[in-house]
Amino acid sequence: MNIDKLSQSIGKTIEIKGWVYRMRESKDIIFIVVRDSNDVVQCTIKSDNKDFEKAKSLTMESSVIIKGSVVEDKRAPTGFELKISSLEPVHIAERYPITKDQSPEFLMDVRHLWLRSRQLTAAMKVRHTVVGAIHKFFRDRGYYEFDPPIFQPSQCEGGATLFQVKYFDDVTYLSQSWQLYAEAAVFALEKVYDMSPTFRAERSKTSRHLAEFWMAEMEAAWMELHEVTEVAKDEVRFIIQEVLKHNKKELEILGQDVKKLEEMVKKPFPTITYTQALEILSKKESQKMEWGKDLRTIEEDLLMKHFDTPVVVTNYPKEIMAFYKPRDPKDPKTALCFDMLAPEGYGEIIGGSQRDTDIKALSESLKKMGEKPENYGWYLDLRRYGSVPHSGYGLGVERVVAWLCKLENIKDAIAFPRTQRRFKP
Ligand code: 4AD
Ligand code: MG
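Residues numbered from 1 in each chain as written. Chains lettered and ligands numbered in written order. Predicted model: local features only at pLDDT ≥ 70, side-chain atom pairs only at ≥ 80, totals over all residues. Heavy atoms only, no water.

Participant: For this particular structure, what's the right way to read the site of ligand 1?
Facilitator: Taken together, 25 residues form the shell around ligand 1, and within it Glu157, Gln179, Arg200, Glu217 and Glu348 come nearest. The separation between a nitrogen atom of ligand 1 and a polar side-chain atom of Glu202 is 3.0 Å. Here an oxygen atom of ligand 1 and a side-chain polar atom of Glu348 are 2.6 Å apart. In the complex, 95% of the free accessible area of ligand 1, which totals 620 Å², lies under the protein chains. Elements that contribute at least two residues to the shell around ligand 1 include exactly β11 (212-221), β17 (347-354) and β18 (390-396). The element contributing the most residues to the shell around ligand 1 is β17, with 5 residues. Residues belonging to the shell around ligand 1 are distributed by class as follows: 9 nonpolar, 8 polar and 8 charged. (Near = heavy atom within 4 Å. Polar contact = N/O pair within 3.5 Å; in protein donor to acceptor, adjacent residues only side chain to side chain. Areas by Shrake-Rupley, 256 points an atom, 1.4 Å probe, with all protein chains shown as cover. Helix = DSSP H or I, 4+ residues; strand = E, 2+ residues; numbered from the N terminus. Nonpolar A, V, L, I, M, F, W, Y, C, P; charged D, E, K, R; others polar.)

Participant: What exactly am I supposed to notice about a nonpolar patch on the surface here?
Facilitator: On the surface, a nonpolar cluster with roughly 360 Å² of combined accessible area is contributed by Phe151, Tyr167 and Phe168. Along the chain, Phe168 turns up in the loop between β8 (164-167) and β9 (170-174). For Phe168, a relative accessible area of 66% gives the class exposed. (Patch = residues over 30% accessible without salt bridge, like charges linked within 9 Å, V, L, I, M, F, W, Y side chains within 5 Å. Salt bridge = Lys/Arg side-chain N within 4 Å of Asp/Glu carboxyl O. Buried < 20%, exposed > 50% of the residue type's maximum accessible area, 1.4 Å probe, protein only.)

Participant: Explanation requested: the sheet that holds strand β5 (residues 80-91) in the structure shown.
Facilitator: Note: strands within a sheet are paired through backbone hydrogen bonds, in either parallel or antiparallel orientation. With mixed pairing, 5 strands are arranged side by side around a closed barrel as β1-β2-β3-β5-β4. With strand direction ignored, the average angle separating the axes of adjacent strands in the sheet is 55°. Relative to strand β3 (residues 40-46), strand β2 (residues 29-35) runs antiparallel, the two being bridged by 7 bridges. Bridged to Ile32 within β3 is Cys43. (Pairing = 2+ DSSP bridges. Axes fitted to C-alpha atoms, helices over the stretch in contact; angles between N-to-C directions.)

Participant: Would you mind showing me how to read the sheet that holds β9 here?
Facilitator: Ordered in space as β7-β9-β8, the 3 strands form an open sheet in which the pairing is antiparallel. Sheet topology places β7 (151-152) and β8 at the edges, where each strand pairs with a single neighbour. Of the pairings in the sheet, the one linking β7 to β9 comprises 2 bridges and is antiparallel in character. Paired with Phe151 across the two strands is Leu174, which belongs to β9.

Participant: Honestly, the pairing of β8 in this entry has me stumped. Any pointers?
Facilitator: If a strand is regular, its side chains alternate between the two faces of the sheet. Summarising the sheet, β8 and β9 pair through 4 bridges and their orientation is antiparallel. Among the inter-strand pairings, Tyr167 is bridged to a residue of β9, identified as Asp170. What sits between β8 and β9 in their antiparallel hairpin is a turn of 2 residues, with Phe168 showing a positive phi close to 50°.

Participant: So what exactly am I meant to see when it comes to the packing of aromatic side chains here?
Facilitator: Both the distance between ring centres and the angle between the ring planes are used here to describe each pair of aromatic rings. All chains considered together, the criterion is met by 15 aromatic pairs. Plain terms: the ring middles of Phe137 and Phe138 are 5.0 Å apart, the flat faces sit at 85° to each other, and that makes the pair edge-to-face. Accessibility classification places Phe137 together with Phe138 in one group, the buried group. Of the aromatic side chains, those joined through ring pairs into one cluster are Tyr181, Phe323, Tyr324, Tyr376, Trp378 and Tyr379. A cation over an aromatic ring shows up here: Arg24 above the ring of Phe31, its NZ or CZ 4.3 Å from the ring centre. Sitting over the face of the ring of Tyr379, Arg383 holds its NZ or CZ atom 4.3 Å from the ring centroid. (Phe/Tyr/Trp six-rings, centres within 6.5 Å; stacked < 30°, edge-to-face > 60°. Lys NZ or Arg CZ within 6 Å of the ring centre and 35° of its normal.)

Participant: Can you walk me through the side chain of Thr198 in this structure?
Facilitator: Take Thr198: it is sitting in strand β10 (residues 191-199). Among the polar contacts made by the side chain of Thr198, one reaches the main-chain carbonyl oxygen of Ser196 at a distance of 3.2 Å. Apart from the residues lying within four places of it in its own chain, the contact partners of Thr198 are Ser175, Gln176, Ser177, Ala211, Glu212, Phe213, Trp214 and Met215. (Contact = heavy atoms within 4.5 Å.)

Participant: Just to check I follow, could you spell out the layout of surface pockets for this structure?
Facilitator: Using a probe with the size of a water molecule, rolled over the atoms, empty space left in the structure can be pinpointed. Here the second largest pocket defines a volume of roughly 610 Å³. Those elements giving two or more residues to the lining of the second largest pocket turn out to be β1 (13-25) and α3 (111-114). The class makeup of the residues in the lining of the second largest pocket is 7 nonpolar, 4 polar and 9 charged. (1 Å grid on protein atoms, 1.4 Å probe; cavity = no way out; pocket = protein on both sides within 12 Å on 5 of 7 lines; lining within 4 Å. Points joined across faces, edges and corners; volume = space filled by probe spheres on them.)

Participant: Honestly, the environment of Leu395 in this entry has me stumped. Any pointers?
Facilitator: You can see Leu395 is positioned in strand β18. Looking at Leu395, the relative accessible area reads 0%, which means it is buried. With 264 residues separating them along the chain, Leu395 and Val131 place their C-alpha atoms 11 Å apart. Apart from residues no more than four positions distant in its own chain, Leu395 is found in contact with Ile134, Trp214, Met215, Ala216, Glu235, Val236, Ile239, Ile349, Ile350 and Val400.

Participant: Sorry, what's going on with helix α9 (residues 274-285) here?
Facilitator: The periodicity of an α-helix, 3.6 residues per turn, causes residues three or four positions apart to be oriented the same way. With 12 residues, α9 extends 15 Å from end C-alpha to end C-alpha; this agrees with the ideal 16 Å at 1.5 Å per step. All of the buried residues in α9 are Tyr274, Ala277, Leu278, Ile280, Leu281 and Glu285. Viewed end-on, α9 has its buried residues packed into an arc of 155°, placing them on one side of the element. Elements in contact with the buried residues of α9: β12 (271-273), α10 (297-304) and β13 (311-314). Ser286 sits one or two residues past α9 and shows a positive phi near 50°. (Expected span 1.5 Å × (residues − 1). Arc of directions from axis to C-beta.)

Participant: Please clarify how the nonpolar core should be interpreted in this entry.
Facilitator: Nonpolar side chains in soluble globular proteins tend to be buried together. In terms of nonpolar packing, the biggest core is built from 51 residues, with Met218 and Ile240 touching the most fellow members. When residues in this core are grouped by element, the largest group, 10 residues, is from helix α6 (residues 225-246). Not counting the four nearest positions on each side in its chain, Met218 is found in contact with Phe138, Tyr143, Trp178, Val192, Tyr193, Met223, Val228, Val231, Ser391, Gly392 and Tyr393. Leu6, Ile16, Val41 and Leu58 belong to the second-largest nonpolar core, a separate cluster that totals 21 residues. (Core = buried A, V, L, I, M, F, W, Y, C linked by side-chain atoms within 4.5 Å.)

As structure tokens, then:
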């Protein structure tokens with residue numbers, strides 16, 4: 001039986017399978033806190049039980065099968081305990097290397113064991129809900145799941161963060177984004193989405209950057225900027241609703257304020273422009289920023305002090321944007337693009353745009369970045385045969401999980417994080 005179901009079995013005899021979480025021993029009685037993937041329960045065994053010696057042989061993280069009766073006990077941490085009738089060790093664990101107060105670096109070295117911690121178990125469960133919600137959101141709205149190649153011959157988000165890999169006798173790169181291939185797919189499927197591994201050789205050692213992360217992207221034909229930003233808001237709102245529906249317990253373990261999320265999800269998520277964002281920074285934060293520079297972490301955080309929901313920021317300066325973001329004809333210094341920023345210092349969770357359909361403008365932007373337009377021939381072809389306005393965006397799965405779980409570092413939003421300094425175990 002799952003440990004979280006025990007409270008419904010008071011007075012009954014049941015069997016649980018799990019791992020020793022904590023143990024306390026006195027002469028006549030042993031208290032064993034057992035955990036499974038659902039919860040923990042205090043179990044007691046007395047010295048007159050035939051299995052008392054077996055219980056004594058248990059160590060932290062030993063696996064065990066226990067039969068017993070569930071009884072109410074106000075002193076037990078969960079209000080009831082399991083009185084053991086029989087106990088069978090399955091495997092006696094060696095001395096467990098993780099004890100209290102260990103350094104984050106050590107916990108990363110033993111990540112394969114640290115995954116069992118309550119904190120990481122809770123974060124992995126929230127991640128499971130977030131991923132399921134994304135699939136459900138798009139499938140329910142008629143989007144097709146479309147898988148990209150992971151080996152890609154060119155950049156999408158700037159050459160500086162490309163991972164080069166040996167490819168037989170040639171070289172190629174790991175995917176920085178699914179987008180360029182999705183732009184080909186919309187001519188067949190119109191509305192597509194995907195969630196796949198994404199790679200960036202990020203040199204910045206921040207609490208927001210991974211070298212390998214999962215991006216959930218969408219792309220839709222016939223869609224313009226003002227429409228795609230609304231899809232993004234609906235998606236994030238749906239993800240929060242699903243997490244609130246399935247993971248209240250995990251949010252509490254992680255120290256996240258459930259009420260705050262419940263309030264947030266009822267409010268509209270505002271849209272402002274980059275230029276308005278600079279005005280807020282200048283008027284309310286006395287942070288003067290030169291028009292044309294990208295918002296850095298510090299400016300995003302100052303800006304978000306003035307919002308308690310996610311915010312969409314549109315129309316960043318064209319010159320600092322990726323090559324595929326078109327100039328806004330109504331405000332030509334800017335591009336038809338957007339980011340969604342999360343509150344409380346979690347920064348950018350989504351980046352997206354309308355896509356440039358003008359071959360000349362695209363070629364010029366590529367040249368400015370030092371790229372050869374010939375290498376993007378297939379991509380430019382998409383503008384030659386029945387071109388249509390289209391838009392899309394990418395959501396950083398770990399950024400969203402870190403934000404909703406109130407994690408200090410994005411590394412705990414993924415089981416085995418990859419950063420510049422760490423790619424093991
Ligand atoms: O803003 P980005 O770079 O946008 C794109 O890649 C577009 N091609 C997506 C599209 O339009 N289809 O990345 C999208 C999101 C960011 O907002 C952020 O949440 C996440 O991906 N992200 C990262 N997450 C973790 N570690 C990193 N190094 C990340 N880089 C981007
Ligand atoms: Mg971005």
